[in-house]
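The residues making up each chain are set out below.
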Amino acid sequence: MKELNTQDQVVKSLVDFDQSSGNIFERLLFNNRLIVVGVCLLITVLLGLQALNLNLNASYEKMIPSKHPFVQNYLDNKEDLASLGNSIRIIVEVKDGTIFEPKYLETLKQINDEVYLIPGVDRPFMKSLWTTATRWVAVTEQGLEGGTVIPDEYDGSPTSLNTVRENVARSGEVGQLVAANFQSSVIFVPLLDKNQITGQPLNYRDFNQRIEEVRKKYKNENITIRVTGFTKVIGELIEGLVEILGFFVFAVVVAAIMLYWFTRCIRSTLLVVTCSMIAVLWQFGLMHLLGFGLDPYSVLVSFLIFAIGMSHGAQKMNGIMQDVGRGIDKLVAARYTFRRLFAAGITALLCDAVGFAVLLIISIKVIQDLAIMASIGVAVLIFTNLILLPILLSFVGVSQKAATRSYKAEQADLSGKKHWLWGFLDTFTKQPGAGIAVAGGILLTIVGLVVSANLQVGDLDSGAPELRADSRYNIDNAYMVKNYAASSDIFVVMVKTPTDSCTRYNTLALVDELGWQLEQLPGVETTNSMANLARMISAGYNEGNFKWIGLSSNNAVLGGIQQRAPRELINVDCSMLMLYVYLKDHKAQTLIDVTNAVQTYVDNHDTGEAKFLMAAGNAGIEAATNIVVKKANREMMFWVFAVVTILCWFTFRSWRAVLAAMLPLVMTAILCEAMMVVFGIGVKVATLPVIALGVGIGIDYALYVLSVVLAHMRKGDSLSVAYYKALLFTGRVVLLTAATLGVGVGFWILSPIKFQADMGILLAFMFVWNMLGALILLPALSYFLLEKKRVKDSKLNQHGLPISAQ
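Let me begin by describing the structure that accompanies this report. Please read all numbers here as calculations on a predicted model, not as lab measurements. (Residues numbered from 1 in each chain as written. Predicted model: local features only at pLDDT ≥ 70, side-chain atom pairs only at ≥ 80, totals over all residues. Heavy atoms only, no water.)

Some words on the overall build of the protein chain
Item 1. The number of helices and strands found in the protein chain is 25 helices and nine strands.
Item 2. The 806 residues of the protein chain split such that 58% are buried.
Item 3. Restricting the contact set of the protein chain to residue pairs at least 6 apart, pairs at least 24 apart contribute 80%.
Item 4. As presented, the protein chain carries roughly 32,900 Å² of accessible surface, and 60% of it is formed by carbon and sulfur atoms. (Helix = DSSP H or I, 4+ residues; strand = E, 2+ residues; numbered from the N terminus. Buried < 20%, exposed > 50% of the residue type's maximum accessible area, 1.4 Å probe, protein only. Contact = heavy atoms within 4.5 Å. Areas by Shrake-Rupley, 256 points an atom, 1.4 Å probe, with all protein chains shown as cover.)

A closer look at the environment of Phe303
Item 1. Mapped onto the elements of the fold, Phe303 is located in helix H10 (residues 301-325).
Item 2. Considering only alpha carbons, one finds Phe303 and Val745, 442 residues apart in sequence, at a separation of 9.3 Å.
Item 3. Non-local contacts of Phe303, meaning those with residues more than four positions away in its chain, are made with Phe248, Ala251, Leu741, Val745, Trp748 and Phe767.

Some words on the nonpolar core
Item 1. Counting residues in hydrophobic clusters, the biggest one holds 269 residues, and the most contacted among them are Ile90, Phe303, Phe491, Phe612 and Ile699.
Item 2. For this core, the leading source of residues is helix H25 (residues 754-793), giving 18 residues.
Item 3. For Ile699, the residues in contact, after removing those within four places along its chain, are Ala348, Cys351, Val644, Cys648, Ala661, Met662 and Leu665. (Core = buried A, V, L, I, M, F, W, Y, C linked by side-chain atoms within 4.5 Å.)

Observations concerning unusual backbone geometry
Item 1. Cis geometry is found at the peptide bond from Gln431 to Pro432, where omega equals 5 degrees.
Item 2. The omega torsion of the bond from Met614 to Ala615 falls at -5 degrees, within 30 degrees of zero and hence cis.
Item 3. Its location among the elements puts Ala615 in strand S9 (residues 611-616).
Item 4. The backbone of Phe182 sits at a positive phi, close to 60 degrees, despite the residue not being glycine.
Item 5. The backbone phi angle of Arg264 is positive, close to 60 degrees, even though this residue is not glycine.
Item 6. Tracing the chain through its elements places Arg264 in the loop between helix H8 (241-263) and helix H9 (266-289).
Item 7. Exposure remark for Arg264: the relative accessible area of 37% places this residue in the partly exposed category.

A word on the layout of surface pockets
Item 1. By volume, the second largest pocket amounts to about 490 Å³.
Item 2. Trp261, Phe262, His419, Trp422 and Arg732 are the residues nearest the centre of the second largest pocket, which is lined by 18 residues in total.
Item 3. Contributions of two or more residues to the lining of the second largest pocket are made by H8, H10, helix H13 (400-414), helix H14 (420-426) and helix H24 (719-746).
Item 4. Looking at the lining of the second largest pocket, the element that brings in the most residues is H24, giving five residues.
Item 5. Its residues placed into classes, the lining of the second largest pocket shows ten nonpolar, four polar and four charged. (1 Å grid on protein atoms, 1.4 Å probe; cavity = no way out; pocket = protein on both sides within 12 Å on 5 of 7 lines; lining within 4 Å. Points joined across faces, edges and corners; volume = space filled by probe spheres on them. Nonpolar A, V, L, I, M, F, W, Y, C, P; charged D, E, K, R; others polar.)

Digging into the pairing of strand S1 (residues 87-94)
Item 1. Across the eight residues of S1, eight count as buried, placing the element largely inside the fold.
Item 2. Alternating residues of S1 divide into Ser87, Arg89, Ile91 and Glu93 and Ile88, Ile90, Val92 and Val94, and every residue in both groups is buried.
Item 3. As defined by bridge partners, S1 adjoins strand S4 (residues 184-190) across seven bridges and the pair is classed as antiparallel. Following the sheet pairing, Ser87 is matched in S4 by Pro190.
Item 4. One ladder, built from seven bridges, connects S1 with strand S5 (residues 223-229); its direction is antiparallel. Each residue of the ladder has a partner; that of Arg89, found in S5, is Thr228. (Pairing = 2+ DSSP bridges.)

A closer look at helix H21 (residues 617-652)
Item 1. For H21, built from 36 residues, the straight-helix expectation of 52 Å at 1.5 Å per residue is met to within 8% by its first-to-last C-alpha distance of 51 Å.
Item 2. Of all the bends in H21, the largest measures some 30 degrees and sits at Ala632.
Item 3. Taken from the residues just after H21, Arg653 is the one with a positive phi, measuring 55 degrees. (Expected span 1.5 Å × (residues − 1). Bend = angle between axes of the 7 residues up to and from the residue.)

The values reported here are purely geometric and, on their own, carry no functional implication.
Below you can see the structure in the form of structure tokens.
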């Protein structure tokens, strides 16, 4: 497109302006402005109505990598592993006394019965002291006897309480369902994917509210109720959405105030903010039409769309304001700005879309949904901020006072009275500033590479790292870890055998040996399997003598034990048994150690009689997720940089310009990973998209600056002059939007939701450092890649100065 940067190249008056000028796309839009505005208004109303029906929910299935072998093994055997999927644990604690009191047991019974009736609970597998699945076994003079822990004849009398106490001791549930200090017990609540009444996916928000109602109803001075589990974490995040939206609104307000401070024009500021918000509204409406919903992880995509919209909108508004300041009619100014910036804007948005779309290669549904949502948002921005905003500004214009002020400031700078900041930035277009900037960039990149080598995949903290360490959930989880031998972090190895062969000695011996080896790992608390039960019952068959605790090699004896085995240890037809590995936490290193230990054992003990499969349980699923995330992290970055590089090539048609634009992005990506190490943030589902998104957003800055620089250099300007003009035209808006959005998201660090605080840190860093890369490192690189080449290829006049540029 033809560049129009000086007053003598333009027509000021609308009367003298040729309405047929510009390309066909420009003419189609601006010669039918009322139709365009009307269509956009209609779309806004229709999609706004759809956005009102957008649901906020989450899904356990969407959070797991469904194509990973671990998860495939879990899903293939899901019917036999019903208690190992999504679940919560409700801990009912008594402050004074023990659980062996009538009042406590009655309260526990009422909570058990009320939770049992909540839609979404997998009732047959629910377990507590009051469920029939909780049984005791003891060796008596008559042999092995057993029954429910709380018998049918329980009446709350001292005799009944003593019986319950004895049964608990004989049940093996101390450390599992009952705390070792007898001051609390657990209600284990497995969950279904769907509400069995409505058939709809489990509504995490509603379920969390039902649990909170139970907590509120039964909590008193002597009873404390604690809840842990994935569903509770999601529920806490959804409830914390009010805080998330509050910080979102704060960022929007900060952006509006800063933009007004820059322009001193209320109408243009409101239009930029409004068009960016319309983009978010359209995104929400389209998401609902396509069957998507919001979850706590993808809700922040809305802010990214707003941020990108503000960046592009501010550029359009600034271009129109400068032209109006020169005395150009508002409609003509809008068309000139559209011509100058549409190509750069559409390329930048395509790069943003690529940054989002590349996330589709990650086989985790929640990330793929995020990629689609974000891509929809970027597509919407083409209409709202590249097309609708200039057309609206062509109607309402900008404040003449503000436009004159902007023009005078520009003329003052061009006349030699440079603003100190522009003068400082201009030093990087020549030596020694360029050399210092490049050397500094290289040094920072090396430091970043060294630090980022320690970047870990997965959670680095115990509990729920999405929440603060002092959050109610993490306090509840810490109580669970402290008082129960069986933690909520469970890694399950499935052992497949021929039908009715799961209790054969050779198989149980292998399982027993693997369990012992895993218990030697520092991150493992204990293990449990059919082998453990067989050893204990073996002693029971021999009058309870401890010296008989061991595996019997008699398959007939083991087959008899099979009849007494609970369903969580073996399946119905005895074709699979499970080895439960209870972990101290689900930190990345813990999961790596367990996974490697199991794999090593399986590789060395593949007898063909038993097939060991990883992995079920929440820790097993998370181990699979970490493996997928680690592999996808590098693949994602490769494709993001590859596609963005190709798009930059088509825009600049110069490999030197592409290098100047891309190298600052590479540095920022490396430094972002180093920041994650410094702040103890691991690469996981919640953080994986950030760097990819940062690359897509960061290229916006480089495109707006470098496209103007190249345009002026092609006219014969030196790099210094071209960059200075770019600073006055697009560079100052890059500085404004990056600083504004960086400050806006920076305040997220105060959020009670740690996940949002982490996102605030990373996004603020990406906004600011991408801006610094575009304004400092890009011109410095351009000096070595573009300016020296230009001078070398230029013809020199009699004074030895370049008079033309190639």
